[in-house]
Amino acid sequence: MRRGLKYVPPALLLLALLELTVFVLVGRAVGFGAAVLLVFGASLLGLVLLRREGMRAWRGFRTAAQAGRPPGPEVTDGLVGLLGALLLALPGLVSGAVGLLLLVPPLRRLAGGGVRRATERRVSSMVAGDLFGPRRVRVYRGAPQPAPEPAPAPSPAPQPVTDPGKAIEGEIVDR
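What this report covers is the structure whose coordinates are included nearby. (Residues numbered from 1 in each chain as written. Predicted model: local features only at pLDDT ≥ 70, side-chain atom pairs only at ≥ 80, totals over all residues. Heavy atoms only, no water.)

### Considerations on the packing of aromatic side chains
Aromatic ring pairs: the centre-centre distance and the angle between the two ring planes describe each pair.
And then number 1: Applying the stated criterion across every chain, the model contains two aromatic pairs.
And then number 2: With centroids separated by 6.3 Å and ring planes inclined at 50 degrees, the aromatic side chains of Phe23 and Phe32 adopt a geometry described as tilted.
And then number 3: Judged by relative accessible area, which is 22%, Phe23 ranks as partly exposed.
And then number 4: Here Trp58 and Phe61 contribute two aromatic rings whose centre-to-centre distance is 5.8 Å and whose plane-to-plane angle is 35 degrees, an arrangement assigned as tilted. With Trp58 and Phe61 both in helix 3 (residues 32-67), this residue pair falls three residues apart, about one helical turn. (Phe/Tyr/Trp six-rings, centres within 6.5 Å; stacked < 30°, edge-to-face > 60°. Buried < 20%, exposed > 50% of the residue type's maximum accessible area, 1.4 Å probe, protein only. Helix = DSSP H or I, 4+ residues; strand = E, 2+ residues; numbered from the N terminus.)

### Some remarks on the pattern of salt bridges
And then number 1: All chains considered together, the criterion is met by seven salt bridges.
And then number 2: Here Glu53 makes a salt bridge to Arg52, at a shortest N to O gap of 2.9 Å.
And then number 3: Since its relative accessible area comes to 1%, Glu53 is described here as buried.
And then number 4: Salt-bridge contacts for Asp77 lead to Arg108; the nearest nitrogen and oxygen are separated by 3.0 Å. Of this pair, Asp77 sits in helix 4 (residues 72-89) while Arg108 sits in helix 6 (residues 105-122); the two residues are 31 residues apart in sequence, bridging distant segments of the chain. (Salt bridge = Lys/Arg side-chain N within 4 Å of Asp/Glu carboxyl O.)

### Details of the environment of Thr76
And then number 1: Tracing the sequence through the fold places Thr76 in helix 4.
And then number 2: Using a relative accessible area of 8% as the deciding quantity, one classes Thr76 as buried.
And then number 3: For Thr76, the contacting residues outside a window of four places in its chain are Gly112, Val115, Arg116 and Phe132.
And then number 4: Side-chain polar atoms of Thr76 contact the backbone oxygen of Pro73, separated by 3.0 Å. (Contact = heavy atoms within 4.5 Å. Polar contact = N/O pair within 3.5 Å; in protein donor to acceptor, adjacent residues only side chain to side chain.)

### Brief notes about the packing of helix 6 against helix 7 (residues 125-132)
And then number 1: Running from amino to carboxyl end, helix 6 crosses helix 7 at an angle of 150 degrees, the nearest separation of the two axes being 8 Å. Along its contact with helix 6, which presents Arg116, Thr119 and Glu120, the element helix 7 presents Ala128, Leu131 and Phe132.
And then number 2: For the contact of helix 6 with helix 7, the class distribution of residues is three nonpolar, one polar and two charged. (Axes fitted to C-alpha atoms, helices over the stretch in contact; angles between N-to-C directions. Nonpolar A, V, L, I, M, F, W, Y, C, P; charged D, E, K, R; others polar.)

### Quick notes on the packing of helix 2 (residues 8-30) against helix 3
And then number 1: Helix 3 packs onto helix 2 with a crossing angle of 125 degrees between their chain directions and a minimal axis gap of 7 Å. One finds that helix 2 runs oblique with respect to helix 3. For the crossing formed where helix 2 meets helix 3, the hand is right-handed. For the pair helix 2 and helix 3, the contacting residues are Phe23, Val24, Val26, Gly27, Arg28 and Val30 in the first and Phe32, Ala34, Ala35, Val36 and Val39 in the second.
And then number 2: Looking at the contact of helix 2 with helix 3 residue by residue, the classes come out as nine nonpolar, one polar and one charged. (Parallel < 35°, antiparallel > 145°, perpendicular 65-115°, else oblique. Left-handed = near helix turned anticlockwise from the far one by under 90°.)

### Examining helix 5 (residues 93-102)
The periodicity of an α-helix, 3.6 residues per turn, causes residues three or four positions apart to be oriented the same way.
And then number 1: For helix 5, the set of buried residues is Leu93, Val94, Ser95, Gly96, Gly99 and Leu102.
And then number 2: Considering only its buried residues, helix 5 is in contact with helix 2, helix 3, helix 4 and helix 6.

### Focus on a nonpolar patch on the surface
And then number 1: Taken together, the side chains of Leu5, Val8, Leu12, Leu15 and Leu18 present a nonpolar region at the surface, about 430 Å² in accessible area.
And then number 2: Sort the elements by how many residues they give to the nonpolar patch and helix 2 lands first, with four residues.
And then number 3: Here Leu18 shows up in helix 2. (Patch = residues over 30% accessible without salt bridge, like charges linked within 9 Å, V, L, I, M, F, W, Y side chains within 5 Å. Areas by Shrake-Rupley, 256 points an atom, 1.4 Å probe, with all protein chains shown as cover.)

Structure below.
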């Protein structure tokens, strides 16, 4: 995880350059006034959707918790919706387009599945079961597979030779 953090500043710089390039290209195509209005309109829509998606996510979580169901699907759907609204609220055409795509229901479910898989990889299976319910396993019928051969038992380690009559002086060093 920490190794990936060193790529965040260059990625943010590239994202800013991409946003600026797209803004200039759109500004040349439709006019800079229209491009500015498009960015402001998308940001305003994102702010409105941010509040709505937050309330929707909270209601979904609360309903699942009260019904005794695992809240994971509602939480992931809410997180994807909040991310989409946040990206739409950020000033920029590229981030707004990605945010808008995350709000489209089929793409939202696809992104939610990715969030679920990433979460299941990072937490224990017990926590994943509490969040998302029991895992579904596909079983294919076919010829039975042979059982793996048991590993040979390791030979017992030799016992250290001690002389009970003599004390050894020294220090214990903790590393």
